[in-house]
Amino acid sequence: MRTCLFILVSFLLVGCASPKHEQVVDQSYVNAINKDARQRGNTVIWLSYPTVSQPASQP
């Protein structure tokens, strides 16, 4: 019984936690790669943009 109660409380606490960081596109890296590719006559097709972690914005 204690174990079930502990698990339930743990899930509730985890659900209330807010993320301290969010992932955003690393635009400077994307621009650098695209510029280099254009200079070499190539084209980059991004399947998944590189991301960087930054502090989450407060609502």
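Reading the values: the criteria
Residues numbered from 1 in each chain as written. Predicted model: local features only at pLDDT ≥ 70, side-chain atom pairs only at ≥ 80, totals over all residues. Heavy atoms only, no water. Helix = DSSP H or I, 4+ residues; strand = E, 2+ residues; numbered from the N terminus. Expected span 1.5 Å × (residues − 1). pLDDT = per-residue confidence, 0-100. Patch = residues over 30% accessible without salt bridge, like charges linked within 9 Å, V, L, I, M, F, W, Y side chains within 5 Å. Areas by Shrake-Rupley, 256 points an atom, 1.4 Å probe, with all protein chains shown as cover. Salt bridge = Lys/Arg side-chain N within 4 Å of Asp/Glu carboxyl O. Buried < 20%, exposed > 50% of the residue type's maximum accessible area, 1.4 Å probe, protein only.

1. What about helix H2 (residues 27-39)?
Its 13 residues place the ends of H2 18 Å apart at the C-alpha level, agreeing with the 18 Å of an ideal helix rising 1.5 Å per residue. One or two positions beyond H2, positive phi appears at Gly41, with a value near 80°.

2. Some thoughts on the confidence of the model for the protein chain
This prediction gives the protein chain a mean pLDDT of 84; 83% of its residues lie at or above 70. Confidence scores differ between elements of the protein chain, with helix H1 (residues 2-16) showing the lowest mean pLDDT of 73 and H2 the highest of 96.

3. Some thoughts on a nonpolar patch on the surface
A surface patch of nonpolar side chains, about 270 Å² in accessible area, is lined by Leu5, Leu8 and Val9. As for its placement among the helices and strands, Leu5 is situated in helix H1. For Leu5, a relative accessible area of 52% corresponds to the exposed category.

4. What about the pattern of salt bridges?
Here the structure, examined in full by the defined rule, presents one salt bridge. Residues Arg40 and Asp36 are paired through a salt bridge, measuring 3.2 Å at the closest nitrogen-oxygen approach. For Asp36, a relative accessible area of 34% corresponds to the partly exposed category.

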